Amino acid sequence: MSRARQPPLVTGISPKEGAAWTKVTIRGENLGTGPVDLIGLSICGHNCLLTAEWMSASKIVCRVGPAKDDKGEIIVTTKSGGLGTSTVSFKLIRPERIGILDQSAVWVEEMNYYDMRTDRNKGISPLSLRPSNPLGIEIDKGKLPQKDIELTFPGMSGDFTSENFSATWYLMENHMGSSFENLKIAANNLKKQATKKNEGSLAYVKGGLSTFFEAQDALAAIHQRLESDGTERVEGSMTQRLENILNRASDTADTLFQEVLGRKDKADSTRNALNVLQRFKFLFNLPLNIERNIQKGDYDVVINDYEKAKSLFGNTEVPVFKKVYAEVEMRIGALRSLLLEKLLQTPSTLHDQKRYIRYLSDLHAPGDPAWQCIYAQHKWILQLMQNCRDEFISGQRVGVGALDQEGDTRAAALGRLSHTASLKRGGSLRTPRPSTWRFETPQQVQFVEKLSDVVIGQLPNFWKLWISYVNGSLFSETGEKSGQVEKSKKNARQRQNDFKKMIEEMINRLVKLVRGALLPTTLPQGELSFYGGWENKTELTGAWLTQIIHIVRACHEALSALEIPNDLLQVIQDLLLELRVHCLMVTLLHTTEDVKRLAEKEDWVVDNEGITSLPSQFEQCMVLMLQSIKEPLEIKPGEINVLLLDQVQDQATELSVNIMKVFISCLEQLSTKSDVDTSHNISVDLSSPDRFTRVHEGFSPTSEQRLLIILSNCQYLERRTFLNLANHFEKHGLTGTEKITRVSVDAVRELDRKLFEAYIERRADPISGSLEPGICAGYFDWRDCQTPTGVRNYLKEALVNIITVHAEVFTVSKDLVPRVLSTIVESVAEEMCRLMQCVSSFSKNGALQARLELCALTDAIAPYLNSESSASFKLALEALPQLHSGADKKLLEELLNKFKSSMQLQLACFQPCCIQPVKR
């Protein structure tokens, strides 16, 4: 079990201080496994995730936002590690407010003092040059709340530049704690400032007073002279001469100062141009900065600069500004095209897609980039699925790694869907396999697994992109302010049906591709060329179909976890139902073939109960079959029990019955199998010590021994195996168990009857047929024979043959002995009865001899007498004359005792045992 990942830890930040939007590099440990794993980043309490760029597990680059706190920690949050901690802090520097004439290294809003329409400087109000402390004493602000002051002086202001200025408000706000002495000093300072201002104006007037008087006297004298002369407009008059003199003086002055004044005007123009360039260098440098930042990938900087330029110069009428701004727009247009190309490029991660959509939104790109991305991803996923099938069909696929999508940060799955529990799990649909797995696995299984990898790897991100599109989370704060979020939500509502069709098309494509590989007969003829083509591939067994069902189920669970509507996933449920039924039928059919091959594994080695390994192998084969279909028959949420379908029930029952019949047929074939060494004389030498030893390994049985072994197996099947299989069938939920058991038992009983009759025919007929020739041997005549001296040899030979059968049967199975010997004894009894009844008359000695032999035979095989054989022996005795002489009876008894004594060892096998004859 893998150890949980440690929470993120920030150990360094560079630089450690700066203004808002400063680019910083964060270093630490466990900072995430990838861009998708990074779910939170805050600096000084401000969320900086939108500008964050994950570089590695120990490095993140971002920009500091306008946080409320001046100093704070750097907190990183990841999916794998959770909320992190920090050992360092960042100090946020806030720029001071500066006056219009102050030098500053930061940007100053030119619109505050530059007229964009007239292209000239506005006049600067004298109030803007006011001192920051007009009273000239130390400011000592009190703790009086601002709201209380506003309530006390409604409509007034403490700003002494305001029309509603209130001196009391100003004193209470800025000098609440000042002493009376300080206030008196402040009053004197105000008086001095007013006196100094008045004295400066009066001194200027006094200094030029004599000049004013002289000019006034000159003008008065000229006016008086002109009035006395009366020649103001006459040529050559004083007035005309004076005008000429003044013009020449002016021309001379212009000649003297033209060069100086020209240089001054040029210098002023240059200075003004430099001032404009310096003041508006942001705009003039913006095209080049945009190009550089695009090359570096700092799209956020480009967007911020563009927004600033647009707000300052978007509506300008100044030609030079319009020209530069037009170039900026051209560069931004190229950036929009570049970002759109990157957005539509496949493959790409969800993180990159969201980032590019946000960039395009902030750049006010035309159209709907988010929907364009969704449409492009939809087409790409469909093509991936089709390419997966085409590569396998063309034979280019050998392993399972050739179609992995670049850019997919998720590890290759379905070795994935927990799986889906593990999928919910981050687990894998694939189970561990040996290194040679990819060369052993059928192409269809590799295809379905790879196809599921494509779907599970891509469809979740596709769905999440749509959800982000619907809830408007693809846009930045700028997009929210500009109303793009509401516009996106409106577009999403209008395109909801289109997206539903996209999901439906992808799921249907998945289902049809799987059907084409596994269930081609369920596809319309016209679609086989597009989805089929697997005719030359290996036919799958039930085990591989089970693996495919596991994969498809995991895929369904993964898609269900995304909260995709169930009506869209119903086609997968339908596919699963047909796959489960197909797997069940294929498994039963393949089990039939496996059972046929069991006959080849018969080694004819019997155990203590006379059973070979064949019934056990058959039972094991059936149990393995039932275990293999456990997963396909398992009912997952949303699935139905396939065994409740009438057609499936009937087919499964018929196939199960067929398996039983096939095995019984195998037994019958084994019983009739030819053997070159089947010749075996029933009258064997009983002195051979190993003739009837237990059947050992490597033993090659005779045809009669095969019959006995198969008979023993049939009894075991009926008594044990079929009952065990019935329990297994019921345990695994298979229906029709009664029918399967009934048909199986009937079939095995029929085979038992045929084999038993065949064995009895081979063993009983020779014994019964040897009686009549044995009786008549040596021209024996019941009507003319000597006094009996003992049981004749024909009867002993018959008993030895019965003992031989007993030994043969007992060697295989002692359970069969009563049944076989009872039948053979019955046949012998019927033959003896017939022979006795056919004798026309008996002499006294003949009757005594016949009674001796019948009694000897009856006593020897008494444990195996049944009602039929007992009745036959009784009829045979009734056909003999009765013994009236006591001497005959005594002789009969002596001869019987002599026979039993001489045959005691041979007849010991006939002694009663606990095994009773089996009635068939």
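Residues numbered from 1 in each chain as written. Predicted model: local features only at pLDDT ≥ 70, side-chain atom pairs only at ≥ 80, totals over all residues. Heavy atoms only, no water.

Some thoughts on the overall build of the protein chain
Note the threshold: For helices the rule is a DSSP run of H or I covering at least 4 residues; for strands it is a run of E covering at least 2, with both sets numbered from the N terminus onward. For every residue, the accessible area (1.4 Å probe, protein chains only) is compared with the maximum for its type, and the residue is labelled buried under 20%, exposed over 50%, or partly exposed between those bounds. Using a 1.4 Å probe, accessible areas were evaluated by the Shrake-Rupley method; residue-level cover was limited to the displayed protein chains.
Counting its secondary structure elements, the protein chain contains 31 helices and 13 strands. The buried share of the protein chain, reckoned over its 920 residues, is 42%. For the protein chain, the exposed surface amounts to about 50,200 Å²; the carbon and sulfur share of it is 52%.

Some points on the sheet that holds strand β1 (residues 9-14)
Applied cut-off: Paired strands, as defined in this entry, are two strands with at least two bridges between them according to DSSP.
Taken together, the 5 strands give an open sheet; going across it, the order is β6-β7-β3-β1-β10, and neighbouring strands pair in mixed fashion. Both outer strands of the open sheet, β6 (53-56) and β10 (85-86), are each paired with one neighbouring strand and no more. Sheet topology note: the β1/strand β3 (residues 23-29) ladder contains 5 bridges and is antiparallel. Bridging from a neighbouring strand, Val10 pairs with Gly28 of β3.

Comments concerning the pattern of salt bridges
Rules: Between Lys or Arg on one side and Asp or Glu on the other, a salt bridge is scored when a side-chain nitrogen of the former is within 4 Å of a carboxyl oxygen of the latter.
Tallied over the entire structure, the rule returns 30 salt bridges. Residues Glu718 and Arg749 are paired through a salt bridge, measuring 2.6 Å at the closest nitrogen-oxygen approach. Of this pair, Glu718 sits in helix α23 (residues 703-731) while Arg749 sits in helix α24 (residues 737-769), placing them 31 residues apart in sequence. Looking at Arg749, the relative accessible area reads 43%, which means it is partly exposed. Put simply, Asp859 and Lys900 hold a salt bridge, and the shortest N to O gap is 3.4 Å. Of this pair, Asp859 sits in helix α28 (residues 844-860) while Lys900 is found in helix α30 (residues 886-902), placing the two residues 41 residues apart along the sequence.

Quick look at helix α18 (residues 542-561)
In plain terms, the rule: What a helix is expected to span follows from its residue count: subtract one and scale by 1.5 Å.
Look at α18: 28 Å from first C-alpha to last across 20 residues, which is about the 28 Å you get at 1.5 Å a residue. Of the residues one or two after α18, Glu563 is the one with positive phi, at around 65°.

Quick look at the pairing of β1
Taken together, the 2 bridges between β1 and β10 define a ladder with parallel strand orientation. In the sheet register, Val10 faces β10, and the bridge partner there is Ser86.

Quick notes on the confidence of the model for the protein chain
Filter applied, for reference: pLDDT runs from 0 to 100 and stands for how confident the predictor is about each residue. Contact definition: two residues touch when any of their heavy atoms are within 4.5 Å.
In the predicted model, the protein chain carries a mean pLDDT of 78, and 83% of its residues have values of at least 70. Overall, residues 100-129 carries pLDDT values under 50, and its contacts beyond four positions in sequence, including any with other chains, amount to 34 contacts. Confidence drops under pLDDT 50 across residues 914-920; counting only partners more than four residues distant or on other chains, this segment forms 14 contacts.

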